[in-house]
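Below are the chains, spelled out letter by letter.
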Amino acid sequence: MSDLTIGVDIGGTKILAGVVDGGGTVLSRVRIPTPKDEAGIARAITDAVDRAREGWDGAAAIGVGAAGYVDESRSVVRSSPNLDWHDEPLKEMVERHSGLPVVIENDANAAAWGEYVHGAAADHTVMVMVTVGTGLGGGIVAHDRLWRGRFGIGGEIGHYRAVPKGLPCHCGRTGCMEQYASGTAHTRRTRAAAAETPHRARILLSLGDGTPEGVQGPHIQEAALRGDPVAAEAFIRTGQWLGQALADLAAVLDPGVFVLGGGVSGAGDLLLKPTEAAYRLAPSGAGERPFAEVVLAGLGPDAGLVGAADLARRP
Ligand SMILES: [Zn+2]
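Predicted model, so just to flag it, every value in this text is computed and none were measured.

Right, let's get into the coordination of the zinc ion. Reference values for angles at a metal are 109.5 degrees in the four-donor tetrahedral case and 90 or 180 degrees in the six-donor octahedral case. In this structure, His159 (ND1), Cys169 (SG), Cys171 (SG) and Cys176 (SG) serve as the protein donors to the zinc ion, at separations of 2.1 to 2.3 Å. Note that the zinc ion binds four donor atoms; their angles at the metal cover 105 to 117°, and the shape is tetrahedral. Mapped onto the sequence, the residues coordinating the zinc ion show the spacing H-x9-C-x1-C-x4-C. You can call Cys169 buried: its relative accessible area is 8%. By relative accessible area, Cys171 is classed as partly exposed at 36%.

What follows is the structure, given as C-alpha cells:
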C-alpha cells in the first residue's frame, strides 16, 4: 500500500483531490468548488483530503499543486493570481491537519510532471507543457528534473514579452504572451469579433444569452464544431499565437515535445492543428532545427492531481 499518495490540485474555481497509485491511476476523486475566502479555502483543502482518503489508509504522503508562486522549499505559496494568498504556509497547514509529509508545487509544474511521468510525454526526456486556461501556464521537465528555477518560480512562460508595448498584464508588465494566447484572451477576442460581425456569429451568440459578453469558453468550442465562422477563426487566431509561443520556447529550450493542456485544449484538433501549423511556420533556424512534436495532454483534467501525487513520493 505504500505506493499510494494523495494529489491535490487547487485551482481558481475548483479543488480536486484523489488517491493515486504508483502507476498514475486515480483511485478516488473528490471535487469541491474553491471558496473565495482564505479560511474557507483552508477548510475546503483539508476537507477534500479527508474525503479522498476515506477507505485508503495506506496513503503515505500528499502533493499539492496550487496556482501561484511557490517558494523554492516547496512549502509556501508566495502569492497567487486568483486566491488571496500572500506567503501562505500551505505545507505546514496540510501537514498539521493530515499528519502526512506534504510537498507543494505550482499547479502548472505539477501538471507538466504528471504528463512527463504518466501522460503524453512519457516517452520523452525533454518536454514543455503549455496550459491554456484562465492564464497561460507552463512547466518544463528535462532529464527527470522539473525546472523550478532558483526561487521556485521558473517556467512562467505566459509572462515573456510577446508584443512590445502590447496589452497590459496583471503581472505589471505589458505585452505578455498570456494576454494573447490564454483562454481568457481567446474568449475576449472571440467576444470582440462577435460584436463586430454578429451576423457571422449567430450560432455562437445563440449558445450564450445572445450578447457577446454572454459568450463563454465552452460555447466557442461548440460553435466552432457546428460551423460558426467567428468561433472557427477564434481557434485559428489563438493557435497562431500559441504556435509563435512554441517557436520562441523551442529556440531556448529545444524540447522533444510540447504538451498542450488546460481548459481550451479540451477543444482538441480545433486548437492543436492551427497551433502546430503556426509553430512549423515560425521556427528559428528554419530548415536546420528539428521540430518538436506537438500533442494534447494525455491525463486531461487529472494531470495536476497525478503530477502532485507523484511529486509527493519524491521528496
Ligand atoms: Zn505578464
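Anyway, onward from the coordinates.
Glancing now at the nonpolar core. Ranked by internal contacts, the top residues of the largest apolar core, which has 38 residues, are Val130, Leu204, Phe258 and Tyr279. Secondary-structure elements contributing two or more residues to this core are strand E9 (126–132), strand E10 (136–142), helix H4 (178–181), helix H6 (202–207), helix H7 (217–225), helix H8 (229–253), strand E12 (257–261) and helix H9 (269–281). Among the elements that line this core, the one with the most residues is H8, at 11 residues. Beyond its immediate stretch of four places on either side in the chain, Val130 contacts Leu136, Gly137, Ile157, Leu242, Leu246, Leu249, Val259, Leu260 and Gly261. Grouped together as the second largest cluster of nonpolar side chains are 29 residues, Ala17, Ala52, Val64 and Leu100 included.

Counting buried positions along strand E8 (residues 102–106) yields five of five residues, so the element is predominantly enclosed. Going residue by residue along E8, you find Val102, Ile104 and Asn106 tucked away on one face and Val103 and Glu105 tucked away on the opposite face as well. Taken together, the five bridges between strand E4 (residues 62–66) and E8 define a ladder with parallel strand orientation. The residue of E8 that forms the bridge with Gly65 is Glu105.

Bringing the sheet that holds E10 into the picture now. As summarised here, the arrangement of the five strands in space is E11-E10-E9-E12-E13, forming an open sheet in which the pairing is mixed. Pairing within the sheet leaves two strands with one partner each, and these edge strands are strand E11 (145–146) and strand E13 (293–296). In terms of strand pairing, E10 meets E11 through two bridges, oriented antiparallel. When the bridges of E11 are listed, Ala142 appears paired with Arg145.

On to the pattern of salt bridges, then. Where charged atoms from two side chains of opposite charge approach closely, those side chains can pair. Throughout the structure, instances matching the rule amount to 13 salt bridges. With its nearest N and O atoms 2.5 Å apart, the salt bridge here joins Arg29 to Asp302. Linking Arg29 in the loop between strand E2 (14–20) and strand E3 (30–33) with Asp302 in the loop between E13 and helix H10 (303–312), this pair joins segments that are 273 residues apart in sequence. By relative accessible area, which is 48% here, Arg29 ends up partly exposed. Glu92 is paired through a salt bridge with Arg96; the nearest N and O atoms lie 3.7 Å apart. On the criterion of helical spacing, the pair formed by Glu92 and Arg96 is a turn pair, its members being four residues apart in helix H2 (residues 90–98). Assessed through its relative accessible area of 62%, Arg96 is described here as exposed. Each of Glu72, Arg78 and Arg150 takes part in one network of salt bridges that share partners.

Cut-offs and rules
- Position labels on residues start from 1 in each chain and follow its written sequence.
- Owing to the predicted nature of the model, reporting of local features is limited to residues with pLDDT of at least 70; listing and counting of side-chain atom pairs is limited to 80 or more, with chain, interface and lining totals taken over all residues.
- Based on all heavy atoms of the structure, the side-chain values leave hydrogens and waters out of the count.
- The rule for donors is simple: N, O or S, within 2.8 Å of the metal, or within 3.2 Å if the metal is Na, K or Ca. Water isn't counted, so a site may look like it is missing partners.
- Just to be clear on the cut-offs, tetrahedral is four donors with all angles between 85 and 135 degrees, square planar is four donors and octahedral six with opposite donors over 155 degrees apart and all others between 65 and 115, and anything else goes down as irregular.
- We call a residue buried when its accessible area falls under 20% of the maximum for its residue type, exposed when it is over 50%, and partly exposed in between, using a 1.4 Å probe and counting protein chains only.
- Buried Ala, Val, Leu, Ile, Met, Phe, Trp, Tyr and Cys residues form a nonpolar core when they are joined through side-chain atoms within 4.5 Å.
- Going along the chain from the N terminus, every DSSP run of H or I of four or more residues is numbered as a helix, and every run of E of two or more is numbered as a strand.
- Contacts: residue pairs with any heavy atoms within 4.5 Å of one another.
- For two strands to pair, DSSP has to find at least two bridges joining them.
- One side-chain nitrogen of Lys or Arg within 4 Å of one carboxyl oxygen of Asp or Glu is enough to make a salt bridge.

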